[in-house]
Amino acid sequence: MLSKTIYQLLNDQVTAEQDAAYKYLQMAAWAEKEGLSGAAKFFRVHSQEEEGHRDRIFDYLNECGQEVVLGAIDAPKHDYDNLLEVIQAAYDHEKKVTGMIKRIAEASFAEQDYQTFNFIQWFVAEQHEEETLFMTVLDKARVLGYEGEKQGEALYLLDQYLANAHEEAGGDPE
Ligand SMILES: [Fe+2]
């Protein structure tokens, strides 16, 4: 049995993971519109990973005999100016999610709910990977000298890099 606080945090996280999936799916649509097939694949795969995160927490709550109650999700931003802005927005979002996961880890530890504390460790590791992934992409953009141009070689190479960036980063820790 989960405490009210832990239940609330985990239940909200189900919606938060769906929200992240939604944001990345919109980023994939933006990339498709711009003709950036590598970036489109990258964000599509990332969106699917977020759905996997949603399902993990959904399953955990069910296993604990708790009903999942889904919250509302705002329409994601779609009018990005350039690829650098999109990647930066994704990185910022990952940092926000890391904060949410950290709160769950802190609360479960404080309540001596070691079952949830153990469950959330996978997400702690996953968030580290996600932040590293987006930081690596931002580093790659800097090395290529890409500063948000709408066309050109740096954008082309960054798009190519993104096509396989998940594989290079080791993908999901599952
Ligand atoms: Fe996630």
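Residues numbered from 1 in each chain as written. Predicted model: local features only at pLDDT ≥ 70, side-chain atom pairs only at ≥ 80, totals over all residues.

*Asks:* How should I be thinking about the nonpolar core in this particular structure?
*Replies:* Grouped burial of nonpolar side chains is what soluble globular proteins tend to show. One finds Met27, Ala31, Ala39 and Phe43 to be the most contacted residues of the largest nonpolar core, which totals 38 residues. Those elements that provide at least two residues to this core are α1 (4-33), α2 (37-63), α3 (83-110), α4 (114-144) and α5 (153-163). Looking at which element gives the most residues to this core, the answer is α1, with 12 residues. Ignoring sequence-local partners within four residues, the contact set of Phe43 consists of Tyr24, Met27, Ala28 and Ala31. (Core = buried A, V, L, I, M, F, W, Y, C linked by C-beta atoms within 7 Å. Buried ≥ 20, exposed ≤ 12 C-beta atoms within 10 Å, placed from the backbone. Helix = DSSP H or I, 4+ residues; strand = E, 2+ residues; numbered from the N terminus. Contact = placed C-beta atoms within 7 Å.)

*Asks:* What am I meant to see in the environment of Leu162 here?
*Replies:* Here Leu162 is to be found in helix α5. On a C-alpha basis, the gap between Leu162 and Leu133 in space is 10 Å, while along the polypeptide they are 29 residues apart. Ignoring sequence-local partners within four residues, the contact set of Leu162 consists of Gly38, Ala39, Phe42 and Val137.

*Asks:* Could you clarify how one ought to interpret the environment of Gln127 in this entry?
*Replies:* By the element assignment, Gln127 lies in helix α4. Separated by 51 residues in the primary sequence, Gln127 and Pro76 have C-alpha atoms spaced 21 Å apart. Every residue in contact with Gln127, bar those within four places of it in the chain, is listed here: Glu94, Val97, Thr98 and Ile101.

*Asks:* Can you walk me through α3 in this structure?
*Replies:* Think of an α-helix as 3.6 residues a turn; residues three or four steps apart then line up on the same face. The terminal C-alpha atoms of α3, which comprises 28 residues, lie 41 Å apart, in line with the 40 Å expected from a rise of 1.5 Å per residue. What α3 keeps buried is the set Leu83, Val86, Ile87, Ala90, Glu94, Val97, Ile101, Ile104 and Ser108. Looking one or two places after α3, you find Gln112, whose phi comes out positive at around 55°. (Expected span 1.5 Å × (residues − 1).)

*Asks:* What's the story with the packing of α1 against α2 in this structure? I'm lost.
*Replies:* Orientation of α1 relative to α2, taken along the N-to-C sense of each, is 165°, at an axis distance of 8 Å. In terms of axis orientation, α1 runs roughly antiparallel to α2. Between α1 and α2 lies a crossing whose hand is left-handed. Looking at the contact of α1 with α2, its residues break down into 16 nonpolar, six polar and six charged. (Axes fitted to C-alpha atoms, helices over the stretch in contact; angles between N-to-C directions. Parallel < 35°, antiparallel > 145°, perpendicular 65-115°, else oblique. Left-handed = near helix turned anticlockwise from the far one by under 90°. Nonpolar A, V, L, I, M, F, W, Y, C, P; charged D, E, K, R; others polar.)

So far we have only geometry, and geometry alone does not tell us how the molecule works.
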